[in-house]
Amino acid sequence: MSDQIIPILMPKWGLSMRVGTLAAWHVEEGTDISPSDEIMDVETDKIANVVEAADGGLLRRCVGRAGEVYPVRALLGVMAPSSVSDAEVDAYVAAFEMPEIEEDEDTGPSYEFAELEIGKIRYTERSRDGVPVVLIHGFGGDLDNWLFNIDALAEKAPVYALDLPGHGQSVKAVANPSLETMVSAVIQLMDHLKLEKAHLVGHSMGGLVAAQTGISNPKRVASLSLICSAGLGDEINAEYIDGFVFAANRKELKPKLKHLFADESLVNRSMVDDLLKYKRLDGVQTFLEALKDNMFGDGKQAANVIAGLEALECPQQVIWGEADAVIPQAHANGITGATVTVVAGAGHMVQMEESSRVNECLKELL
Amino acid sequence: MARTLSMKDAINEAIDQEMGRDPTVIMMGEDIVGGAGSPGEEDAWGGVLGVTKGLFAKYPNQMIDTPLSESAYVGAAVGAATCGLRPIAELMFVDFLGVCLDQVFNQAAKFRYMFGGKAETPVVIRAMCGAGFRAAAQHSQMLTPIVTHIPGLKVVCPSNAYDTKGLLIQSIRDNDPVIFLEHKNLYASECDVPEEPYAIPFGEANVVREGGDVTIVTYGLMVQYSLTAAETLKKEGIEVEVIDLRTLSPIDMDTVIESVEETGRLVCVDEAHPRCSIAADVSASVARDAFKALKAPIEMVTAPHSPVPFSPALEDLYIPSPEKIAAAVRKTMEA
């Protein structure tokens, strides 16, 4: 079998993905694909996204048909240089073992729970050697906000993503829902996992948490990547924050979530349902209201970490979605000395909407 | 990894968590501690199908096994509710409601109204409902219309384990009498259910499938059957929206009307008999409030106006099937 043959597989986005629909091909047989070219659209019950090529090559076969559902890691296409014969390509396709739909929940990475002083914290882990990356989600989010980033970053470094207290499946009874509590949760988890030092990556409120974690514990931070981050200016879209906190049903919540994306069609019913399910867990409503009051009371951001960041000696970068409707993109330029990347065509959830661009930036600092 | 749970276990977990949270939550019923074949109290089976298994060992002071007297213990539960407890009374089958109906519709349902809003009756009456269990005419009925008809009662009939846990917790915390009906043929159906407690508000229908051609409005076991029909119809190019009412009182007609205004076609699916049913109720409301949106006559798919047959062959014919639902949808498309 020629080792010049490169398969194109159904990606796995997040731990719950079992199958995906190949919605459309953007390339056809005979196309010369370069790395990061958009090659196909894939949809799951959670989200739709465009898949970019990890490797380049000549597309010889489109095995997957548009509109069909395939299990994760199913063979969808084959790339190979023209020196490889059609017969060899056909043999490769014939010999490829199509994976079964994963039923066994023990295969692959899973969610872990740590019992910390602050309470139960959920996290996920991709281990390997090197200085680890810790991913910190934003207000009302959870570790699945890093769906399109975790595995890409894990190619270069160990990756950890956590649910902050009050979020996802972490502890909901939090005595003092504040920035200090969030920072302390990150440090407690790093201690628990024996992570001496980490590259901290934070999105939105998680950016503020990452920054404050670094400022309070400079020896624990290898670098800081702040994505559409809080803590870099006064303004925040209070209509979004209040709307998210007080939305009581799907009809109220859905229009608020549209603030998060440049492409509003990404807000599908599964996303709204999952957030509603989270908001309805005992304790979450009280928690979110208190956290909002502490962090974004009176429609303004309470914390500003720019001075602290400028005094902190570690590589820092800021990444922003050009169309961010939650925190103004102008905040990206606040930190002297930090690298700034503004990503076109993306909103507040830039790490989901333009994941490969964001992953490139994040890998730069690893 | 998200955890899956059966509807039966979701009921158990909801009661377990609420009893743990609030010692005024008690449960009364026949064999809820023991049950057929039970060797002893500590490892007892827990009801007809084992729904309450393990709860007595955990909450011995909150679980009360009663004599075979629905009229006595349902009345006691209603009275206890007015005096500060939050009782859950279990009728093995909703078919047994007849012998305690005065306690339910003349007492529990009326207290808040007749005492000028000064009395609250936070009682939950749980019961299995529905056909398909080969349990004959006295253990198989879908009596949702009878209880939905009574002002002062809230009526819940969930279609999956996630909704069951959240709606049962809401029922226990609610300050009014709630009739909570569990389709016995859904007890084994599983889905993702959070371990933490959560409450789903009443009066919020769930759009379980989106589609632009025809709206199906249903609840309970018929949600699954309607989804099966929708899958078949998709292959024929018909996109069906399926609305799970979840609670029948209060009922979320806004969601129904909004959907029919988009699709212009309505099929009401109800496992109850056709006369004065939930299907008839929804049809009447839509005919009044969204008549101009309708492109075809409303179709109803229901059980016939007959008792549930004991003959398995006839019982299968009695229950609305995915095929009958699909046929009704096609009929609205042809009109």
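Residues numbered from 1 in each chain as written. Chains lettered and ligands numbered in written order. Predicted model: local features only at pLDDT ≥ 70, side-chain atom pairs only at ≥ 80, totals over all residues.

A.B. asks: Where do I start with the overall build of chain A in this structure?
C.D. replies: Scanning chain A from N- to C-terminus turns up 11 helices and 16 strands. Its C-alpha radius of gyration of 21 Å places chain A within 12% of the 21 Å reference for a compact globule of 366 residues. Overall, the C-alpha framework of chain A stretches about 65 × 45 × 40 Å when taken along its three principal axes. Burial analysis of chain A (366 residues in total) assigns 43% to the buried set. (Helix = DSSP H or I, 4+ residues; strand = E, 2+ residues; numbered from the N terminus. Rg over C-alpha atoms; globule rule 2.2 N^0.38 Å. Buried ≥ 20, exposed ≤ 12 C-beta atoms within 10 Å, placed from the backbone.)

A.B. asks: Hey, could you run me through the domain arrangement of chain B in this one?
C.D. replies: Often the size quoted for an interface is simply the accessible area lost on bringing the parts together. Residues and elements named next belong to chain B. Partitioning chain B into structural domains gives domain 1 (4–192) and domain 2 (206–334). Inter-centroid distance (C-alpha atoms) of domain 1 to domain 2 is 27 Å. Every contact between the two is made by 24 residues of domain 1 and, on the other side, 23 residues of domain 2. Breaking the side of domain 1 that touches domain 2 down by element, the ones donating at least two residues are α6 (144–148), β6 (154–156) and α7 (161–173). Here the side of domain 1 that touches domain 2 is composed, by residue class, of 12 nonpolar, 9 polar and 3 charged. (Domains from an automatic or database assignment. Contact = placed C-beta atoms within 7 Å. Nonpolar A, V, L, I, M, F, W, Y, C, P; charged D, E, K, R; others polar.)

A.B. asks: So what exactly am I meant to see when it comes to the domain arrangement of chain A here?
C.D. replies: Residue and element names in this part refer to chain A. Annotation of chain A at the domain level lists domain 1 (6–95) and domain 2 (111–364). Between the C-alpha centres of domain 1 and domain 2 there is a distance of 31 Å. Looking at the side of domain 1 that touches domain 2, its residues break down into 4 nonpolar, 3 polar and 3 charged.

A.B. asks: For this particular structure, what's the right way to read the packing of helix α3 (residues 179–192) of chain A against helix α4 (residues 205–216) of chain A?
C.D. replies: Two measures define how a pair of helices packs: the angle their axes make with one another and the distance between the axes. Residue and element names in this part refer to chain A. In contact at an axis separation of 9 Å, α3 and α4 are set at 70° when each is read in the N-to-C sense. Relative to α4, α3 is oriented roughly perpendicular. From α3, Leu179, Met182, Val183, Val186 and Ile187 reach across to α4, where they touch Leu208, Val209, Gln212, Thr213 and Ser216. (Axes fitted to C-alpha atoms, helices over the stretch in contact; angles between N-to-C directions. Parallel < 35°, antiparallel > 145°, perpendicular 65-115°, else oblique.)

A.B. asks: Honestly, the interface of chain B and chain A in this entry has me stumped. Any pointers?
C.D. replies: Each side of the interface is counted separately: chain B has 11 residues, and chain A has 12 residues. For the side of chain B that touches chain A, the residue count by class is 7 nonpolar, 1 polar and 3 charged.

A.B. asks: Looking at this structure, I do not really get the sheet that holds strand β6 (residues 57–62) of chain A. What am I missing?
C.D. replies: For sheets, the rule is that strands pair by backbone hydrogen bonds, running either parallel or antiparallel. Residue and element names in this part refer to chain A. Ordered by their spatial adjacency, 4 strands build an open sheet running β1-β8-β6-β3, and the pairing between neighbours is antiparallel. Unpaired on one side and paired on the other, β1 (6–9) and β3 (32–33) mark the two borders of the sheet. When β3 meets β6, the two strands line up antiparallel, connected through 2 bridges. Its bridge partner being in β6, Asp32 is matched across the sheet by Leu58. Across the sheet, helix α1 (residues 86–95) lies against β6 and β8 (75–79), angled at about 155° from β8, the strand it touches most. (Pairing = 2+ DSSP bridges.)

A.B. asks: In this structure, what is going on with the sheet that holds strand β13 (residues 198–203) of chain A? I would like to understand it.
C.D. replies: All names here are of chain A. An order of β9-β10-β12-β11-β13-β14-β15-β16 is seen for the 8 strands of this open sheet, with the pairing classed as mixed. The two strands at the open ends of the sheet, each matched to only one other strand, are β9 (111–116) and β16 (339–343). Along the sheet, successive strands turn relative to each other by an average axial angle of 20°, direction set aside. Relative to the sheet, α3 contacts β9, β10 (119–126), β11 (133–136), β12 (159–162) and β13, its axis offset from that of β9 by approximately 105°.

A.B. asks: Please explain the pairing of strand β4 (residues 38–43) of chain A as it appears in this structure.
C.D. replies: A regular strand places its side chains so that they alternate between the two faces of the sheet. Residues and elements named next belong to chain A. Two strands pair when backbone bridges link them, and strand β2 (residues 19–25) and β4 are joined in this way by 4 bridges, in the antiparallel orientation. In the sheet register, Thr21 faces β4, and the bridge partner there is Glu43. Joining the antiparallel neighbours β4 and strand β5 (residues 48–52) is a turn of 4 residues.

A.B. asks: It is not clear to me how the confidence of the model for chain B should be interpreted in this structure. Could you clarify?
C.D. replies: Predicted coordinates in regions of low pLDDT should not be interpreted in detail. When pLDDT is averaged across chain B, the result is 95; 96% of the residues are at 70 or more. The ipTM value of the predicted complex is 0.89, and its pTM value is 0.88. (pLDDT = per-residue confidence, 0-100.)

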